Structure formats: C-alpha cells, structure tokens
Number of protein chains: 2
Amino acid sequence: MNQIRNGWFSELSELWPGQCLSLKVKEVLYNEKSEYQDVLVFESTNNGTVLVLDGIIQCTQKDEFSYQEMITFLPLCSHPKPEKVLIVGGGDGGVAREVNKHPLVKEFVQVEIDEKVITASKKHLPFMSKGFSSSKLTLKVCDGFEYMKKHKNEFDVIITDSSDPIGPAVNLFTESYFRLLKEALKPNGIICSQSGTVWTDLDHVKQTLDNCRKHFKSVKYAGSSVPSYPNGQIGYLVASLEENVDLTKPKFKFTGSQIEELELRYYNEDVHAASFVLPNFVRKELFK
Amino acid sequence: MNQIRNGWFSELSELWPGQCLSLKVKEVLYNEKSEYQDVLVFESTNNGTVLVLDGIIQCTQKDEFSYQEMITFLPLCSHPKPEKVLIVGGGDGGVAREVNKHPLVKEFVQVEIDEKVITASKKHLPFMSKGFSSSKLTLKVCDGFEYMKKHKNEFDVIITDSSDPIGPAVNLFTESYFRLLKEALKPNGIICSQSGTVWTDLDHVKQTLDNCRKHFKSVKYAGSSVPSYPNGQIGYLVASLEENVDLTKPKFKFTGSQIEELELRYYNEDVHAASFVLPNFVRKELFK
C-alpha cells in the first residue's frame, strides 16, 4: 500500500486505470495500518504535507483549501439558517476548520470512524486539524451510519467528506445512505457529499445522483479544481429535501472583508454559482 | 526526451517540479526529432491517442475537446463579427477543427512552425487533424512572428495555441509578441492565448497578463478543466484592443441544436461566463 519508489509516491488505483499522479517525497512522517485502512503521511518536495489513505491521496497542503471550502460552503451558504451541522468523515479536520468559520453555525458534530486518521492529522497536519479545536464542535469516533440511525430530524446541513467509493467509504454513495441522511435532517435540510470526478467514471457520478434523487427533491452537481485529485477535478453532490430550491445561488454571502479575515482562498459567491455550470458532456449525462 | 519506462509515459518537467502525471502506453505510433523538438505520438491504454512535444503532453484523445473548444470559442464568441481568424501554432489541427464550426467565420489562416507536428497529426490524430480539411483554411508552415510582421491590421481574432513557455514557444508570452498581435489585428480585434495553470506558476500567469496589458485595453483570464494538463487546469488569456469590453458575456450564442450538430462537448454560453470566475487566491493576484 505504501507506494513509494525511488523517492516518488505514485497513486495507482483501479478507479482510474492507465493514469497515475506521482508526488516527490521529502520525508515519510507517519505510516500505520489502522483497523480500517493504511494511513500514510509524508512531506512532499513541492506540495507540502500529504495525507494518503489506502494508497489514495486525501489532501495536500498546497491545494486542500479548494476542496475543504467548497464541500463546506456550497451547502452552508445554500441554507437559510445552518445552525446545527453534522460532518461524516473528514478525519483530517479540514471541513471542521471551515464549518467553524461560518457565522450562522451554532454547533456541529463530527463522526469519523478511524481514530488513527485523527491522531495522524493532529500530529502532522496542524493546518487542517486546527478545526478540531473549535468550541462549537463535538467530535465522535464512530460509524456515521450508526450515529445517524440514532439521530433523527436533528441537523440543518450534513456534509459527507468521504474517501473514494472503494474500501471503508463504499457505502456512502448508496441509496440507503441517502435515506439515512434524509432522516437525520430537519425538513428543509441540505446535504453535500464528495462525489467523484466526471472525467473517469461519469456513470458512477450519475448513479450516485440517481440514488440521491430517490430521497431528495432538488439535486445538483458542482465541481472544483483540485490538482492532487484524479484528473484535477472533484465533484460535490448538493441536495435539498425541499422542491425547487435553487442551490446554485447562495443565500448567505461572505463580504470581501470576511473573505480576508476568514482566509477563504477559493470560495466566494461567484465561485459558488459558477461551480454548478457544467460542460455539455456532463450536463447531458447527469441532467437529461 | 522519450520518457517511457516500464510501459508508462511520465511527464517530468522543471515547469512543475515534484509532481508528475503518467499515462500507460499501449503502443508508440510515431517518434521523430524535428528541427524544433521531439515529436512523440503514442496510443495509451485509457486516454486514446496522445501527442507529446519535448516530453510534454499536448493533447489526449480523451479530453482534448475541453481545450480546443475553449481556446477557440472564448474569443470567437466574444467578437461581434469574427470573419477572418489567425491561428498561431496548433499543429495538431484541433483549433482549426473548432474555428471551422463557427458560423460567422469566412476564412482563417494557420501558421505552424513545425511541419512534422502536422504530418504526425495527419497520420495519427485524424480526429483533430480533420480541421485541416476546411475549405476556409489557408495553412502555412512558417514562424508566426515573421508572418505577423507582414500582415498588419488584417484579423478579427488571433488564437495562439502554443506549447508551454519553454523551448520553441517561449517568445509567445512576451510583451513584443503582444505588440505583434495588436498590429496584426483590426481595431476591435480579440486574442486568446494558452496561458498556463494558476496552480504551479501564478507569477508567470501574472507576468503574461501584465505583458498583454501594455498593448490591450481589456484583459481577462479564464480557466477550464483538462485532466491531462499539469494540475488538470489550463488557463486562457482573452483580450480586446477596445476599452471596457465585457469578454465574459458571449455576443454569439450557440443554440442547443447547434451544440448537438457541431458536436460541442464542453463549450456553451454558461461555461463561457463561468470560466472567467476565479478563486480568491487567483483573483487577488491577477486583478488586484
């Protein structure tokens, strides 16, 4: 699983056959097998600290802000009053860091199944794990499925920051998961889930959206540029339980000075709207 | 220069140190050294046919449409009457293929310095080089600089489809090149140039825009997702000689049926506008 050869980490996976991103390694900082997966942290020569789970890059210090800000603020800024938020996954702390920035959030819960990811991030990715120090956060090490079964009708927004649909995260793209999300939400609740890239497996993105459509009335797909993810593009499924909600227009807008103070490096209201604009080949497939 | 090892082509370059995309090779179709550069064409296992110049991927069959459509239609659709167009570079024929689709174009000229790129593309990349069969096209094998020195005040739009700022293309990002472009254009002319990725060398993007601003009054930067380019993101400098031209709103809009008939897989009027929306870290640097 530790795919380091000749000083380069290479991200080979059956999820994107025939293509491979490699990052040059300065130093391996952590590598342990948890109950769930292989956890690797290394310092790269040009992309800062890198977290890898089961051989797949989860984030690099250089570009993680694009993903963390988008998966957080797309749903939070689409909700009129996101006071109580649940994060499923996100063991590096990056999403918690961003949720903590939103002025309307009063409290949030995070459930991460793998304690070793939290431990490794606290030690080696402080720029992300600082999210765990929020006074608004209750952090639980447990299975998101089990947690949501016991918490119905409770959250305004649920963010699923999962790894790819292989290994421990495979169930987070299924119809039964979207049913659980629906039940854990308040009536006008909104979700956002990591939802793959349109360039390698558009069919899987479509299937995930179709699974979601069985339980949510407004379902959209947005994308952003994240160089260290496969194809340099990652998608976000954003969905509301309510009908005819325009998720592409943020209800909450950060001011210019908030963007500075809160250190938003990617997200703004124009980026929000633009991220839902899809190339023809994607629009045709996902929204025909 | 032929960076194939163990059945994988790896794109190492000093332009993006510490990161490397690799594509699995099925068969090498062509590899010759021209007067200007090393020209390699291979069939990949999952990305179709791939053209590589001096070790850098120029296009893959899988995703080339994003780049070709955007670099062509961003300027053509921003111009009220793009009747006469010049393409500098673009020896694979992809931009010619797209320019030929625009209903208002009456004639276009292409100047490519390296005949071997044209020859290799005609033989091995027919899906792109079919652009050369347009009856509206005059194709010339010569230096774009020399050509433009002799053709003043002649074109409505000039597209510079160059390789990266290393090797034969290094001069296509300088102030003197933008002066030549200005002089070859009619008074309300518009240009579009390949303009690098914001993720690896934002300073170079900024420098190129600043060079352009010395001769053009409205200067913008757009981006699109192209997985086989470094960071999966490529930028386009779009500029007009006129003041206060809103390049982000297309003047010509393809209808839904034109999009189908002309096989536009990426570009539409919403993508046009959205491509100019920039993340905070880019906006701040390029437009402060």
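Cut-offs applied
Residues numbered from 1 in each chain as written. Chains lettered and ligands numbered in written order. Predicted model: local features only at pLDDT ≥ 70, side-chain atom pairs only at ≥ 80, totals over all residues. Heavy atoms only, no water. UniProt positions renumbered as here; feature names shortened; annotations may be inferred. Contact = heavy atoms within 4.5 Å. Buried area = accessible area lost by both parts, 1.4 Å probe. Salt bridge = Lys/Arg side-chain N within 4 Å of Asp/Glu carboxyl O. Helix = DSSP H or I, 4+ residues; strand = E, 2+ residues; numbered from the N terminus. Nonpolar A, V, L, I, M, F, W, Y, C, P; charged D, E, K, R; others polar. Pairing = 2+ DSSP bridges. Axes fitted to C-alpha atoms, helices over the stretch in contact; angles between N-to-C directions. Domains from an automatic or database assignment. Polar contact = N/O pair within 3.5 Å; in protein donor to acceptor, adjacent residues only side chain to side chain.

- For chain A, an unreviewed UniProt entry supplies the name PABS domain-containing protein and the organism Molorchus minor.
- Per UniProt, the comment on chain A under Sequence similarities (unreviewed entry) is "Belongs to the spermidine/spermine synthase family."

1. Examining the interface of chain B and chain A
Here is step 1 of the chain: Contact with chain B, which involves 41 residues of that partner, is made by 41 residues of chain A.
Here is step 2 of the chain: Both sides together, the interface formed by chain B and chain A hides about 3100 Å², and carbon and sulfur atoms give 56% of it.
Here is step 3 of the chain: When the area that chain B buries against chain A is broken down by residue, the three leading residues are Gly18, Trp199 and Asn280 of chain B, summing to 21%.
Here is step 4 of the chain: At the boundary of chain B with chain A, the tally comes to four salt bridges.
Here is step 5 of the chain: Arg283 of chain B serves as the salt-bridge partner of Asp270 of chain A, at 3.9 Å between the closest nitrogen and oxygen.
Here is step 6 of the chain: Where the side of chain B that touches chain A is concerned, the elements lending two or more residues are strand E3 (19-33), helix H1 (64-78), helix H8 (256-261), helix H9 (269-275) and helix H10 (280-286) of chain B.
Here is step 7 of the chain: Examining the composition of the side of chain B that touches chain A, we find that six residues originate from one element, E3 of chain B, more than from any other.
Here is step 8 of the chain: In terms of residue class, the side of chain B that touches chain A is made up of 19 nonpolar, 14 polar and eight charged.
Here is step 9 of the chain: Summarising the sheet, strand E3 (residues 19-33) of chain A and E3 of chain B pair through five bridges and their orientation is antiparallel. Each residue of the ladder has a partner; that of Leu21 of chain A, found in E3 of chain B, is Leu21 of chain B.

2. Description of the sheet that holds strand E8 (residues 107-112) of chain A
Residues and elements named next belong to chain A.
Here is step 1 of the chain: Strand order in this open sheet of seven strands is E9-E8-E7-E10-E11-E13-E12, and the pairing throughout is mixed. Of all the strands in the sheet, just strand E9 (137-141) and strand E12 (218-225) have a single pairing partner and so form its edges. Within the sheet, the average angular offset between the axes of one strand and its neighbour, ignoring direction, is 15 degrees.
Here is step 2 of the chain: Strand contacts of helix H6 (residues 175-184): strand E7 (84-89), strand E10 (155-161), strand E11 (185-194) and strand E13 (233-240), with the helix running at about 140 degrees to E11, the strand carrying the most contacts.

3. Some remarks on the domain arrangement of chain A
Think of interface size as the accessible area that goes away when the parts come together; that is how it is often given.
All names here are of chain A.
Here is step 1 of the chain: In terms of domain boundaries, chain A breaks down into domain 1 (4-60) and domain 2 (64-286).
Here is step 2 of the chain: If you average the C-alpha positions of domain 1 and of domain 2, the two centres end up 23 Å apart.
Here is step 3 of the chain: Contact with domain 1, which involves 24 residues of that partner, is made by 24 residues of domain 2.
Here is step 4 of the chain: Buried surface at the junction of domain 1 and domain 2, summed over both partners, amounts to about 2100 Å²; 65% is from carbon and sulfur atoms.
Here is step 5 of the chain: Taken together, the links from domain 1 to domain 2 amount to one salt bridge.
Here is step 6 of the chain: With a shortest N-O distance of 3.1 Å, Glu32 and Lys116 are connected by a salt bridge.
Here is step 7 of the chain: Counting every contact that joins domain 1 to domain 2 gives seven residue pairs in polar contact (both at pLDDT 80 or more).
Here is step 8 of the chain: Looking at the side of domain 1 that touches domain 2, the elements with two or more residues in it are E3, strand E4 (38-44), strand E5 (49-53) and strand E6 (56-60).
Here is step 9 of the chain: Of the residues forming the side of domain 1 that touches domain 2, the biggest block, six residues, is contributed by E3.
Here is step 10 of the chain: The residue inventory of the side of domain 1 that touches domain 2, partitioned by class, reads 13 nonpolar, six polar and five charged.

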